Amino acid sequence: MSGLPSRPALSRAEVDRDAATRDDPAALAEAWRSARVLVVADGTAVVQEDDRPRLVLLPSDEAPDGERLYLGRDDDGPVFAVAAALPRRMGARPLGLREVGALLDDRDAGLLVHAVGLANWHTAHPSCSRCGAPTEPARGGSVRRCTADGSDHFPRTDPAVIMLVHDGSDRCILGRQAAWPAGRFSTLAGFVEPGESAEQAVAREVLEEVGVVVDDVRYVASQPWPFPSSLMLGFTARCDGDAVPAPADGELAEARWFDRDELRAAGTWGTGRGVQTPSAVSIAWHLITGWLEQG
Ligand SMILES: [Zn+2]
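Residues numbered from 1 in each chain as written. Predicted model: local features only at pLDDT ≥ 70, side-chain atom pairs only at ≥ 80, totals over all residues. Heavy atoms only, no water.

## Regarding the overall build of the chain
For the chain, the helix and strand inventory stands at seven helices and 18 strands. The C-alpha atoms of the chain give 21 Å as radius of gyration, which agrees with the globular expectation for 295 residues (19 Å, within 12%). Counting only C-alpha atoms, the chain reaches 65 × 50 × 35 Å along its principal axes. Counting the 295 residues in the chain, one finds 49% classified as buried. Within the chain, contacts between residues at least 6 apart in sequence are counted, and of these 64% link residues at least 24 apart. Put simply, the chain shows about 14500 Å² of open surface, and 49% of that area lies on carbon and sulfur atoms. Averaging the coordinates of the 30 positive side-chain charges in the chain and doing the same for the 44 negative ones gives two points 3 Å apart. (Helix = DSSP H or I, 4+ residues; strand = E, 2+ residues; numbered from the N terminus. Rg over C-alpha atoms; globule rule 2.2 N^0.38 Å. Buried < 20%, exposed > 50% of the residue type's maximum accessible area, 1.4 Å probe, protein only. Contact = heavy atoms within 4.5 Å. Areas by Shrake-Rupley, 256 points an atom, 1.4 Å probe, with all protein chains shown as cover. Lys, Arg positive; Asp, Glu negative; His and termini not counted. Charge placed at Lys NZ, Arg CZ, Asp CG, Glu CD.)

Written out as structure tokens, the structure reads:
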């Protein structure tokens, strides 16, 4: 379909993850010698802002000490991430994915979302879930291994669904979370539960959050969302145009119908007053923009 946004902002990675090198300690050591290194701290990295924002990558001999997480290689060679104090650079400053994820080019957006997600997981999983002993990184940081029983523990990803609910015509339902300021709206979303398909999760979450029954659930795209470890699975779903969204007690403070003209006139989060829709880094923006362009 022409005019649809091509890919969500954080789903543009183009670096080869090069899994073969992870399993070869000699190849990993060799890769490090010619590597560029992305330093990450608390979900941020140093971004140079002179023209288009771009990540500051250090030669490996200038990188700070820290666990070396192998991100893969591109035409310029290997890339690692190290979680450590951020380097200082003139004309550069620390920024996170929410701020700069949509502005970086494809390679940098992919490197930052990979590095942040992997670093989050290492920080949160210092010990073995079987026996409680400490774990340590292995295979270039792609797993953690128990120091007592040798078991391998793989990075955790939590599937979540996010859905634009529409009436098959010119209107859709968006909600406002209680913690958000007046006027800020987004698509409905929630985590997939054990034993549930993504499509079932879409229908259950919409019913739970706004009391509306949906059908014609269609997958659109997915996007990693490492806050701290989600994979957002984006859908559209249709409901009866006579449905009256009624926010259940809990996270949603408000939910209502919007038509395309109202959303086209709205600003994005953090801009102006009145109705605001999500910023371009989110898959919600991708879903809303794609739907607007179909009308
Ligand atoms: Zn163990």
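From this point, things continue past the structure.
## Digging into the pairing of strand β5 (residues 68–74)
The buried fraction of β5 amounts to five of the seven residues, a majority that puts the element mostly inside the structure. Judged from the six bridges that link them, β5 and strand β6 (residues 77–83) form a sheet pairing that is antiparallel. Across the sheet, the residue bridging to Leu 69 is Ala 81, located in β6. Between the end of β5 and the start of β6, which pair antiparallel, lie two residues. (Pairing = 2+ DSSP bridges.)

## As for the side chain of Ser 186
Along the chain, Ser 186 falls in the loop between β12 (171–177) and β13 (188–191). With relative accessibility at 5%, the residue Ser 186 sits in the buried group. Apart from residues lying up to four places away in sequence, Ser 186 is in contact with Leu 174, Gly 175, Trp 180, Trp 269, Pro 278 and Ala 284.

## A few points about the nonpolar core
Core analysis: the largest hydrophobic core is formed by 45 residues, its most contacted members being Leu 38, Leu 55, Leu 112 and Leu 263. Looking at this core element by element, the count peaks at nine residues for helix α4 (residues 106–124). For Leu 55, the contacting residues outside a window of four places in its chain are Leu 38, Ala 45, Val 46, Val 47, Leu 104, Asp 108, Leu 111 and Leu 112. Membership of the second largest hydrophobic core comes to 21 residues, among which are Val 161, Val 212, Ala 243 and Ala 255. (Core = buried A, V, L, I, M, F, W, Y, C linked by side-chain atoms within 4.5 Å.)

## A few points about the coordination of the zinc ion
Looking at the metal site, the zinc ion is ligated by Cys 128 (SG), Cys 131 (SG), Cys 146 (SG) and Asp 149 (OD), spaced 2.2 to 2.4 Å from it. Each of the four donor atoms around the zinc ion contributes to a set of angles spanning 103 to 117 degrees, which defines the coordination as tetrahedral. Classification of Asp 149 by relative accessible area gives partly exposed; the value is 35%. (Donors = N, O, S within 2.8 Å, 3.2 Å for Na, K, Ca; no water. Tetrahedral: all angles 85-135°; square planar, octahedral: opposite > 155°, others 65-115°.)

## Observations regarding a negative patch on the surface
Together, Glu 14, Asp 75, Asp 76 and Asp 105 give the surface a local cluster of negative charge. Take Asp 76: it is sitting in the loop between β5 and β6. (Patch = residues over 30% accessible without salt bridge, like charges linked within 9 Å, V, L, I, M, F, W, Y side chains within 5 Å. Salt bridge = Lys/Arg side-chain N within 4 Å of Asp/Glu carboxyl O.)

## As for the pattern of salt bridges
Here the structure, examined in full by the defined rule, presents 25 salt bridges. Notably, a salt bridge pairs Asp 106 with Arg 12, separated by 2.8 Å at the nearest N-O pair. Residue Asp 106 is located in helix α4, and its partner Arg 12 is located in the segment before α1 (19–22); the two are separated by 94 residues in the primary sequence. The class for Asp 106 is partly exposed, based on a relative accessible area of 24%. Residue Arg 12 is classed as buried on the basis of its relative accessible area of 11%. Between Arg 260 and Asp 170 there is a salt bridge, with the nearest N and O atoms lying 3.1 Å from each other. With Arg 260 in helix α6 (residues 260–265) and Asp 170 in the loop between β11 (158–166) and β12, the pair connects residues that are 90 residues apart, well separated along the chain. Residue classification places Asp 170 among the partly exposed positions, given a relative accessible area of 30%.

## Quick notes on unusual backbone geometry
Geometrically, the link from Phe 227 to Pro 228 is a cis peptide bond, its omega value of 5 degrees lying close to zero. Turning to its location among the elements, Pro 228 is positioned in the loop between β14 (214–225) and β15 (230–239). The phi torsion at Asp 216 lies on the positive side, around 50 degrees, for a residue other than glycine. For Asp 216, the location among the structural elements is in strand β14.

## Regarding the pairing of β6
Residues in a regular strand point their side chains to alternate faces of the sheet. A large share of β6 lies buried, amounting to six of its seven residues. Two elements, strand β1 (residues 36–41) and β6, share five bridges in a ladder whose sense is parallel. Its bridge partner lying in β6, Val 37 is registered against Phe 80.

## A few points about helix α7 (residues 283–292)
Judged by how many residues are buried, α7 sits mostly within the fold: nine of 10 residues are covered. Within the span of α7, buried status applies to Ile 283, Ala 284, His 286, Leu 287, Ile 288, Thr 289, Gly 290, Trp 291 and Leu 292. Close packing links the buried residues of α7 with β11, β12, β14, β15, β16 (252–259) and α6.

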